[in-house]
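Descriptive analysis of the structure
Next come the chains, spelled out residue by residue.
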Amino acid sequence: MVSGATLDPTRPPGPGDLAVTVLGCSGTYAGPDNACSGYLVRGGGTTVLLDAGPGTLSSLQHHVRPTTLDAVVVSHSHPDHWGDVPVMRNALHYVLGHSGVPLYSTAETLGYLESVFPDGIGDAFLPEVISDGSELSIGALRLRCSRTAHPPETLGIRVDLDRRSIAYSADTGPAWSLGELGAGIDIGICEATWRDADGFQVDDLHMTAGQAGRLARADGVARLVVTHVPPTGSWDLTVAEASDAYGSAVERARIHHTYVV
Ligand SMILES: [Zn+2]
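Residues numbered from 1 in each chain as written. Predicted model: local features only at pLDDT ≥ 70, side-chain atom pairs only at ≥ 80, totals over all residues. Heavy atoms only, no water.

Some remarks on the overall build of the chain
Within the chain, the secondary structure is distributed over five helices and 15 strands. Computed over its C-alpha atoms, the radius of gyration of the chain comes to 17 Å, within 12% of the 18 Å expected for a compact globule of 261 residues. The buried share of the chain, reckoned over its 261 residues, is 56%. In the chain, 60% of the contacts between residues at least 6 apart in sequence involve partners at least 24 apart. Accessible area of the chain: about 10,200 Å², with a carbon and sulfur share of 51%. In the chain, 16 side chains carry a positive charge and 30 a negative one; their mean positions are 8 Å apart. (Helix = DSSP H or I, 4+ residues; strand = E, 2+ residues; numbered from the N terminus. Rg over C-alpha atoms; globule rule 2.2 N^0.38 Å. Buried < 20%, exposed > 50% of the residue type's maximum accessible area, 1.4 Å probe, protein only. Contact = heavy atoms within 4.5 Å. Areas by Shrake-Rupley, 256 points an atom, 1.4 Å probe, with all protein chains shown as cover. Lys, Arg positive; Asp, Glu negative; His and termini not counted. Charge placed at Lys NZ, Arg CZ, Asp CG, Glu CD.)

Some details on the side chain of E191
Tracing the chain through its elements places E191 in strand β12 (residues 187-191). It turns out E191 is buried and unbridged, and the closest side chain with the opposite charge, R147, is 11 Å from it. Of note is the side chain of E191, whose polar atom sits 2.9 Å from the backbone nitrogen of M207. If near-sequence neighbours (up to four positions away) are discounted, E191 is found in contact with S169, A170, D171, T172, L205, H206, M207, A212, T227 and H228. (Salt bridge = Lys/Arg side-chain N within 4 Å of Asp/Glu carboxyl O. Polar contact = N/O pair within 3.5 Å; in protein donor to acceptor, adjacent residues only side chain to side chain.)

A few points about the coordination of the zinc ion
Coordination of the zinc ion by the protein involves H76 (NE2), H78 (ND1), H150 (NE2) and D171 (OD), with metal-donor separations of 2.2 to 2.3 Å. Geometry at the zinc ion is irregular, judged from its four donor atoms and the angles of 90 to 163° they form at the metal. In terms of primary sequence, the donors binding the zinc ion are separated according to H-x1-H-x71-H-x20-D. With H78 in the loop between β5 (71-73) and α2 (85-96) and D171 in the loop between β11 (164-168) and β12, this pair connects stretches of sequence that are 93 residues apart. Among the residues examined, D171 registers a relative accessible area of 2% and is labelled buried. (Donors = N, O, S within 2.8 Å, 3.2 Å for Na, K, Ca; no water. Tetrahedral: all angles 85-135°; square planar, octahedral: opposite > 155°, others 65-115°.)

Details of the sheet that holds strand β10 (residues 155-161)
Across the sheet, seven strands lie side by side as β8-β9-β10-β11-β12-β13-β14; this open sheet has mixed pairing. Every interior strand has two partners, whereas the edge strands, β8 (135-138) and β14 (251-252), have only one. Where β8 lies against strand β9 (residues 141-147), four bridges are found, and the strand directions are antiparallel. Looking across to β9, one finds that I138 is bridged to L141. Of the strands in this sheet, β13 (224-227) and β14 touch helix α5 (residues 235-246), which is tilted by about 145° from β13. (Pairing = 2+ DSSP bridges. Axes fitted to C-alpha atoms, helices over the stretch in contact; angles between N-to-C directions.)

Concerning the nonpolar core
By size, the foremost hydrophobic cluster in this structure holds 32 residues, and its most contacted members are L50, V73 and L143. The greatest single-element share of this core, amounting to four residues, is contributed by β10. Ignoring anything within four residues of it in the chain, the contact list for L143 reads L50, V73, S134, E135, L136, I138, I157, R158 and V159. One finds L60, V101, L110 and A124 within the second-largest nonpolar core, a separate group that totals 21 residues. (Core = buried A, V, L, I, M, F, W, Y, C linked by side-chain atoms within 4.5 Å.)

Quick notes on the pairing of strand β4 (residues 46-50)
For β4, a buried count of five out of five residues is recorded, marking the element as mostly surrounded by other parts of the structure. Summarising the sheet, strand β3 (residues 38-43) and β4 pair through five bridges and their orientation is antiparallel. The partner of L40 across the bridge, within β4, is L49. Between β3 and β4, which pair antiparallel in sequence order, lie two residues; one of them, G44, sits at a positive phi of approximately 60°.

Quick word on α2
Among the residues of α2, V85, P86, M88, R89 and L92 are the ones counted as buried. With its buried residues spanning 165° around the axis, α2 presents them on a single face. Opposite the buried face of α2, by more than 90 degrees, sit the exposed residues Y94 and V95. The inward-facing, buried residues of α2 contact β4, α1 (56-60), β5, β6 (101-105), α3 (107-116) and β7 (125-129). (Arc of directions from axis to C-beta.)

Remarks on unusual backbone geometry
The backbone of T28 sits at a positive phi, close to 70°, despite the residue not being glycine. With respect to the secondary-structure elements, T28 resides in the loop between β2 (18-24) and β3. A positive phi is found at H228, a non-glycine position, where the angle reads about 65°. In this fold, H228 is placed in the loop between β13 and α5. Look at H228 and you get buried, because its relative accessible area is 2%.

Take a look at the structure:
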């Protein structure tokens, strides 16, 4: 674990950084100024997009060219996590003349994506099925997957570069936590769809902010960033509840902000 991780929302990551840039963090549907789930992970000269919800292709272009992606990884079959993949396919195929981007996801999700087009997803992407326990090497980055507690097969994803790590919960209830992806997580990006005050307690659907904070603390996550708050929710109340449970300050995911380990 590396201590002293810093948040610098303005500068692009340096060549030695492991960094995640939020391209969208709105839960279930996009808000007026926020796309759905999408996280651009960069490190060691490798660029990977985790989830590609509606609006994330637009956000991505503020940071990198779509043709520079080394891979796209989609956590599960809910469309707020993959809605821009077919649009990205058309951009790559018809406009940008780019092909062969590895596309990793669950079998169910890839099936949906293949069914969008009469001739399948074509040559823009190279689909490959991943599942619980899958490990990938994408350029300099190593990825590990763990099945979360969410109705369709959903994969939490950990990215490691050297001794630094970022872990992303995707969608999950509190029957799963980031610790399932191993110890020594420097930045944990954890969903907090609800708050304890909402009265929802569903082990295998979504977390409250309090649950996200308590679990991250128990797992020894060094720095917690909460995400996946729907447009009807309150980021301020989410951060307050999560921070109280975590025992120190929790950050909120912010679109276009970069979190550097
Ligand atoms: Zn979901």
